[in-house]
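Chain by chain, the residues run as shown.
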Amino acid sequence: MTGQPASRDPPRDLATRRVVIPLRRSAAGMAPALDDGTHVLAKLAFAATLPFFAQVFYYLNEYPAPYLLSKAWPFLTLPLALYGMIRLKLPVGRMFLVVLAYGLGFTPLVSVIQLGNGFLDALTTTIKAWPFTYYFSLSALLALLAVPPESIRKAVLGLGATTFFLMVIIYLVAPASWYADNPADSKLLLFDLERGYRVYMPMVFGMILVFFLSRAFVLRRNILYGLGVVLAFVPMLLIYKQRAAIAAALVVVVFGMTMSLPPRARRIVIGLGLAAVAVGIFLVGRKLGLLPGGGASGDAQDTFGASLSVRQNSSALAFAFLGDDPMRWIFGVGATTRFSTVTLNDIFGNDQFFIADLGWIGVIFEYGILGAVLLAVLHGWCLVTTWRLTRGLDDPFALALSDYVLYLVVSSAVYSVVFTPGELGVVMALTIYLDRRRRALPPGPPPGEPRRFGLGRPMGIRRVTLGRSGAIARAG
């Protein structure tokens, strides 16, 4: 002991002014030595709140209680977000703040000018952008609870397995009368002529599980993980039936498995993959009539069904509306909600106008080219950050989190990146937290054997610095 007076405030690293939280080593050498009851409550609190951070219930309005709680979650966790913004010094944090400032402060004013929104209606439209704060609030929650990395892995993968289990059970037991052919009536159980009955499950944890299994299959060379990947795609193809999401997941699975191979095998697979992509582009181009000697352009309608025609019609309406004023291209026009006095459906006279299904076209419509550039920089920066932090690791779970950022980028060709931005915040918060825990708690002696540093002094307390470097501050 140093003899310094006790204080309720956490100690500070005076050189960097970062907050330093003392963590006592448990018998496992990883988790903080809290009493058993408090430790269990911390893990339960994390597991119970994680689906709300990931926006699992954000659009399931047929289930009022979790739906309303999910809508209120950004405001309930705002104190945590403010703590994360001020105290944790998170990577890419400033870019998140720039996007928040644009989406929460500037775009609502644009919607007042371009769409005639009232003040309250304009504020209501910002509800989509608020989940960007989850990067800060979940990071703060993880730091304050000191959730063990193993508990994080179990919670995320457990929720992924639960996603597939519930998908299959719901599909088997739900009667046909529960399904709706209009997404406004039901977001979970949908029916259309092309795809039939399908369960539109929120798949954030399910996809992370798939990416984990694919990485583990190569890294651990266990056929059971490969079988798990195949089994995961079966319900996605037969029950989930979201073609763009499944195609993006397949791309990421192939990428992850390839990057986990030894260098020589990786180069061979990449070469074969590029050849397969070229052949695929050629065949699709002929099918859609984009290349000489191919089918008629109308074949695309037969291939993709009504969803393509809805997107084509929505794109045409969006381009026409943007073209009326050059400023709309630069700054966008904002958005409305279904509770607004005037909705986009009223403006366009079309109840099948869905901005979220237009990918980057929808982003430009709502936020303009300027906003689209900011969002593209944010996602690109997050992708580079996760790749850098997981480079050289053989941990399938950490790599799966990085793969999910790539999945968000790939699927953004069809799905708006502002549809569920909380997913990006969750993956980034988990990646940064796990990276700092890895660097703050290096491999140590066997459990029960004290580590000795320098002059042979036993190391009884570890301090995790919640700053950029995540360095270890030794207890004096």
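Scroll up a little and you will see the structure.
Residues numbered from 1 in each chain as written. Predicted model: local features only at pLDDT ≥ 70, side-chain atom pairs only at ≥ 80, totals over all residues. Heavy atoms only, no water.

**Here we look at the nonpolar core**
- With 94 residues, the main nonpolar core has F96, L138, I152, F211 and Y407 as its most contacted residues.
- Here the element with the most residues in this core is helix α8 (residues 204–219); it accounts for ten residues.
- Membership of the second largest hydrophobic core comes to nine residues, among which are F321, L322, L344 and F365. (Core = buried A, V, L, I, M, F, W, Y, C linked by side-chain atoms within 4.5 Å. Buried < 20%, exposed > 50% of the residue type's maximum accessible area, 1.4 Å probe, protein only. Helix = DSSP H or I, 4+ residues; strand = E, 2+ residues; numbered from the N terminus.)

**With respect to the side chain of R215**
- With respect to the element layout, R215 can be found in helix α8.
- Residue classification places R215 among the buried positions, given a relative accessible area of 6%.
- Only 2.9 Å separates the side chain of R215 from the side chain of S260, close enough to count as a polar contact.
- Apart from residues no more than four positions distant in its own chain, R215 is found in contact with F255, G256, M259, S260, P396, L399 and D403. (Polar contact = N/O pair within 3.5 Å; in protein donor to acceptor, adjacent residues only side chain to side chain. Contact = heavy atoms within 4.5 Å.)

**Looking at a nonpolar patch on the surface**
- On the surface, a nonpolar cluster with roughly 670 Å² of combined accessible area is contributed by F165, L166, I169, Y171, L172, V173 and Y197.
- The element best represented in the nonpolar patch is helix α7 (residues 149–173), accounting for six residues.
- Examined against the element boundaries, Y197 turns out to sit in strand β4 (residues 196–199).
- Relative accessible area serves as the criterion here: at 35%, Y197 is assigned to the partly exposed category. (Patch = residues over 30% accessible without salt bridge, like charges linked within 9 Å, V, L, I, M, F, W, Y side chains within 5 Å. Areas by Shrake-Rupley, 256 points an atom, 1.4 Å probe, with all protein chains shown as cover. Salt bridge = Lys/Arg side-chain N within 4 Å of Asp/Glu carboxyl O.)

**Quick word on the pairing of strand β3 (residues 189–192)**
- Both β3 and β4 contribute to a ladder of four bridges, which runs antiparallel. Of the residues in β4, the one forming a bridge with L189 is V199.
- Turn length for the β3-β4 hairpin, with the two strands adjacent in sequence and antiparallel, is three residues. (Pairing = 2+ DSSP bridges.)

**A few points about the packing of aromatic side chains**
- Applying the stated criterion across every chain yields a total of 23 aromatic pairs.
- Both rings, one in F52 and one in F57, keep their centres 5.4 Å apart while their planes meet at 45°; by these two values the pair is tilted.
- Among the residues examined, F52 registers a relative accessible area of 12% and is labelled buried.
- The partly exposed category is assigned to F57, whose relative accessible area is 24%.
- An aromatic cluster is defined as three or more aromatic residues linked by ring pairs; in this entry it consists of F52, F53, F57, W73 and Y134.
- If you follow K71 out to its NZ or CZ, it ends over the ring of Y59, 5.1 Å from the centre. (Phe/Tyr/Trp six-rings, centres within 6.5 Å; stacked < 30°, edge-to-face > 60°. Lys NZ or Arg CZ within 6 Å of the ring centre and 35° of its normal.)

Fair warning: the whole summary comes from geometry, so function is off the table for now.
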